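Here is what each chain is made of, one letter per residue.
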Amino acid sequence: MFALEFPPINEILRWREVAPSLNKVGIIAVAAALIAIVVFILATRQDHRKAPTGVRNFAETTVEFVENGIVMQTMGRDGLGWTPFLLSLFVFIYLCNAPGIIPILQMPATARMAIPAFLSILVWVIYNGAGIKHQGFGGYFKSVLFPPGVPKALYALVTPIEFISTIIVRPFSLMVRLFANMLAGHILLVTFALLSEALFQARDKVLVPFGVLPMFMLIFLTGFEVLVAFLQAYIFTILTAVYIGGAVHPEH
Amino acid sequence: MLTAVITHRGENSVQVKLVGQSTGLVTPKIEAEEGQDMGPNPIAPEGKELLWGGLSFVVMAVAIRYFLFPKLKKGMDDRYAGIRADHESAEATTAAARGDVAEYEKALVAVRAEAAAKVDAARQTLDSERQAAINELNSRIAARRSEADAALSAAREANRSQITAAVSAVVTRATELSVGRAPDAAVVERAIADAMAGGSR
Amino acid sequence: MEALARLAAETVDTVAKTAADEKNIAAAASAGFAYGLAAIGPGIGIGYLVGQAVSAMARQPEAAGMVRTTMFLGIAFTEALALIGFVVFILLKFA
């Protein structure tokens, strides 16, 4: 009726390569890393004795958010050594999510599987490594596979579940959560943008005014995506903190 | 072994070709066309993106972990320590000032007590002097008054004796004239004393 | 599920239906069902979770920070199911 041609999903994820093997997602990832590094360099350049302003204030607020909102809430004081890793994770994911709503870019780099997969595998390696380092190989796997306080007979049931949930489901859900949230948001924005465009250009002039409805929805969803971009970065980081905390201190 | 290649052209025409596996002519061509159209797989991670994303994250994480974060954190800690030291020194200064104020107030109290004592002493001497003066004055007044009283009573006594003498003379004369005989002086005197006591009432 | 997919496939105009078309139609229909069904449970779960978290925060405002963190963790775990449904949807529909 509206002659709405929705492009296949591959179409809205396809980007020409700017340089050999460097496409938009790669550019966004590199830009995210560069922006973070530049912001932190500018922040460290400022005189630290004065009250922080501008970039330094921003960087310090982020650091304090990660310290107080993520590390202290999940790992406690012992986990403060993990702050730099969690901070870079948070900042990188946020800066990869944010282009989803920035005009011209309009593509969250995390809506492609590559970056979430890389990060969650990295997190998997790190929390298993931290657990093995702190409790020894046997101790770590004992605390993971045979959690204390479970009746002996139940181990037949608990151990496979724990193995699957800790070793397989955790990185998978971490990866899929970030990827699917961002991809769903991206598809939603594309859908409403296409809908309002189709209505604005409808051959039947009666339909043209109705184009503002999906447009308002688009604006609302863009605001929602701002929240989602932040929330997904926060959730990825806090789950990482929980996993690392659990691997390092199994009694908690 | 044969492979059936079904091509769909136009409205209703379906072409079916049976191709031997060895020829392998048709299949790659179709795949190539599809590959051009389809774009990337929406789920599978792409190698180049994995490479770029992973590389940039690792570079960033290393830079933050080993250079930027420690520097920033050190600055923050320095500033917080500085603020805390400033706070403490300010508190020490406040305490010192408070001690000074307490000392000053103590001195003030002492001075005030001294002043009050002096004022009291002065007031006491003043009071005693005044009392002495008043007493002296009062005694002088009392002496004067007793002198005057004595003079007055002496005069009154003299008057009274004169009057009594006069009246007794008169009464004696009058009685002498009327009775012809001089009355007893004691009787006259008693009568006069009675009359005067009654008159002076 | 399969029956519904077949039903959807049968209602579509049946002119020139090749094996590939049939597969696409079945995939599209089951993809829709996959996502729709996957969204039910997490929807209920997240609603219940957030409601409980809000009442906890209202009762003990001083514990709001801890409750909020735990709430986000719970949402993340619950939501994962819906997102897996979404991924299955994409896999069925496009991959």
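Refer to the structure above for everything that follows.
Here we summarise the structure given alongside this text. Once a new chain begins, its residue numbering starts again from 1 and follows that chain's sequence as written. Throughout, the order in which chains and ligands are written sets their labels, letters from A for the former and numbers from 1 for the latter. Residues qualify for local features only when their pLDDT is at least 70, as the model is predicted, and side-chain atom pairs are given and counted only at 80 or more; totals for whole chains, interfaces and linings, by contrast, use all residues. Excluding hydrogens and water, the side-chain values take into account all heavy atoms of the structure.

1. Let's talk about the overall build of chain B
In plain terms, the rule: Working definition: helices are DSSP H or I runs of at least four residues, strands are E runs of at least two. Numbering for both runs from the N terminus. Between two residues, a contact is recorded if the distance between any of their heavy atoms is within 4.5 Å.
When you go through chain B residue by residue, the secondary structure sums to three helices and two strands. Start at the N end of chain B and walk to the C end: the helices and strands fall as β-β-α-α-α. In chain B, once contacts between residues fewer than 6 apart in sequence are set aside, the share between residues at least 24 apart is 19%.

2. Section: the packing of aromatic side chains
Residues and elements named next belong to chain A. Defined as follows: We call Phe, Tyr and Trp rings a pair once their centres come within 6.5 Å, taking the six-membered ring for Trp, and we label the pair stacked below 30 degrees between planes, edge-to-face above 60, and tilted otherwise. Think of it in three bands: residues with accessible area under 20% of the maximum for their type are buried, residues over 50% are exposed, and the middle band is partly exposed, with areas taken using a 1.4 Å probe on protein chains only.
Under the counting rule described, the total for this entry stands at 16 aromatic pairs over all chains. With 6.5 Å between their ring centres and 70 degrees between their planes, W82 and F85 make a pair best called edge-to-face. A ring pair is formed by Y127 and Y243, whose centres lie 5.4 Å apart and whose planes are at 50 degrees; its orientation type is tilted. Within this pair, whereas Y127 is found in helix α5 (residues 114-145), its partner Y243 is found in helix α7 (residues 212-248), the two being separated by 116 residues in sequence. One exposure class covers both Y127 and Y243, and it is buried.

3. Topic: the interface of chain B and chain A
Operational definition: Accessible-area loss on putting two parts together, using a 1.4 Å probe and summing over both, is the definition of buried area adopted here. Throughout this description, the term salt bridge denotes a Lys or Arg side-chain nitrogen within 4 Å of a carboxyl oxygen of Asp or Glu. Here a polar contact is taken to be a pair of N or O atoms separated by no more than 3.5 Å, where protein atoms must pair a possible hydrogen donor with a possible acceptor and residues adjacent in sequence count only if both atoms sit in side chains. Polar here means any residue outside two lists: the nonpolar Ala, Val, Leu, Ile, Met, Phe, Trp, Tyr, Cys and Pro, and the charged Asp, Glu, Lys and Arg; Gly therefore counts as polar.
In this assembly, 36 residues from chain B lie in contact with 48 residues from chain A. Buried surface at the junction of chain B and chain A, summed over both partners, amounts to about 3,600 Å²; 70% is from carbon and sulfur atoms. Across the contact surface, chain B and chain A share four salt bridges. With a closest N to O distance of 2.9 Å, E46 of chain B and R112 of chain A form a salt bridge. Viewed at the interface, chain A and chain B are joined by six residue pairs in polar contact (both at pLDDT 80 or more). Elements with a contribution of two residues or more to the side of chain B that touches chain A: α1 (26-38) and α2 (47-179) of chain B. The biggest single contributor to the side of chain B that touches chain A is α2 of chain B, with 25 residues. Looking at the side of chain B that touches chain A residue by residue, the classes come out as 20 nonpolar, seven polar and nine charged.

4. Some thoughts on the layout of surface pockets
What counts here: Think of a 1 Å grid over the protein atoms and nothing else: a 1.4 Å probe that fits but is trapped marks a cavity, an open set flanked by protein within 12 Å on at least five of seven lines marks a pocket, and residues with an atom within 4 Å of a point count as lining. Grid points are joined across faces, edges and corners, and a volume is the space filled by probe spheres set on the points.
Of the volumes computed, that of the second largest pocket is approximately 590 Å³. Residue lining of the second largest pocket: 21 residues in total, with N181, A184 and F224 of chain A together with E79 and L83 of chain C positioned closest to the centre. Elements that contribute at least two residues to the lining of the second largest pocket include exactly α6 (155-200) and α7 of chain A together with α2 (19-59) and α3 (64-94) of chain C.

5. Quick look at empty space enclosed by the protein
Residue and element names in this part refer to chain A. Throughout the structure, instances matching the rule amount to one cavity of 30 Å³ or more. In this model, the largest cavity occupies a volume close to 40 Å³. Lining the largest cavity, in full, are N97, G100, I101, P108, M182, G185, H186, L189, E225 and A229. Within the residue set of the lining of the largest cavity, elements represented by two or more residues are α6 and α7. A breakdown of the residues in the lining of the largest cavity according to their chemical character gives five nonpolar, four polar and one charged.

6. Some points on α5 of chain A
Threshold: To estimate how far a helix should reach, multiply one less than its number of residues by 1.5 Å. Throughout, the bend at a residue refers to the angle made by two axes, fitted to the seven residues ending there and to the seven starting there.
With 32 residues, α5 of chain A should reach 46 Å at 1.5 Å per residue; the first-to-last C-alpha distance of 30 Å falls well below that figure. At G136 of chain A, α5 of chain A shows its strongest bend, of approximately 110 degrees.

7. Considering the nonpolar core
Stated precisely, the cut-off is as follows: We call a set of buried Ala, Val, Leu, Ile, Met, Phe, Trp, Tyr and Cys residues a nonpolar core when their side-chain atoms join them within 4.5 Å.
Among the nonpolar cores identified, the biggest contains 87 residues, and F92 and L183 of chain A are the most heavily contacted of them. Excluding residues that lie within four positions of it along the chain, L183 of chain A makes contacts with I9, L13 and A111 of chain A together with F86 and I90 of chain C.

8. Comments concerning the pattern of salt bridges
All told, the structure shown has ten salt bridges over all chains when counted by the stated rule. Between R79 of chain B and E60 of chain A there is a salt bridge; the shortest N-O distance is 2.8 Å. Note that R79 of chain B is positioned in helix α2 and E60 of chain A in helix α3 (residues 54-74), a pairing that runs across two chains. Accessibility expressed as a relative area gives 8% for R79 of chain B, which makes it buried. Note on E60 of chain A: relative accessible area 3%, which makes it buried. D120 of chain B is the partner of R123 of chain B in a salt bridge, and the nearest nitrogen-oxygen pair spans 3.9 Å.

9. Quick notes on α2 of chain B
A bend of about 50 degrees at I64 of chain B is the largest found in α2 of chain B. A positive phi of about 90 degrees marks G180 of chain B, the residue just after α2 of chain B.

10. Section: the side chain of S196 of chain A
With respect to the secondary-structure elements, S196 of chain A resides in helix α6. Among all residues touching S196 of chain A, those that are not within four sequence positions of it are G211, P214 and M215 of chain A.

11. Looking at a nonpolar patch on the surface
Residue and element names in this part refer to chain A. To keep things clear, this is the line we draw: Patch definition: residues above 30% relative accessible area lacking any salt bridge, with like charges linked at up to 9 Å and the nonpolar side chains Val, Leu, Ile, Met, Phe, Trp and Tyr linked at up to 5 Å. The Shrake-Rupley method, run with a 1.4 Å probe sphere, supplies the accessible areas, and residue values consider only the shown protein chains as cover.
Side chains of F200, V206, F210, V212, L213, M215, F216 and I219 sit close together on the surface and give an oily, nonpolar patch of about 760 Å² of accessible area. With five residues, the top contributor of residues to the nonpolar patch is α7. Following the sequence through the fold, F216 ends up in helix α7.

12. Concerning the environment of A180 of chain A
When you line up the elements, A180 of chain A lands in helix α6. Taking the C-alpha atoms as reference points, A180 of chain A and R112 of chain A, separated by 68 residues in sequence, lie 8.9 Å from one another. Not counting the four nearest positions on each side in its chain, A180 of chain A is found in contact with L83, F86 and V87 of chain C.

13. Quick look at the environment of Q46 of chain A
Residues and elements named next belong to chain A. Among the structural elements, Q46 can be located in the loop between α2 (24-45) and α3. It is 6.9 Å that separates the C-alpha atoms of Q46 and R56, two residues lying ten residues apart in sequence. Setting aside residues no more than four positions away along its own chain, Q46 makes contact with T53, V55 and R56.

None of the figures reported here should be taken as evidence of function without further support.
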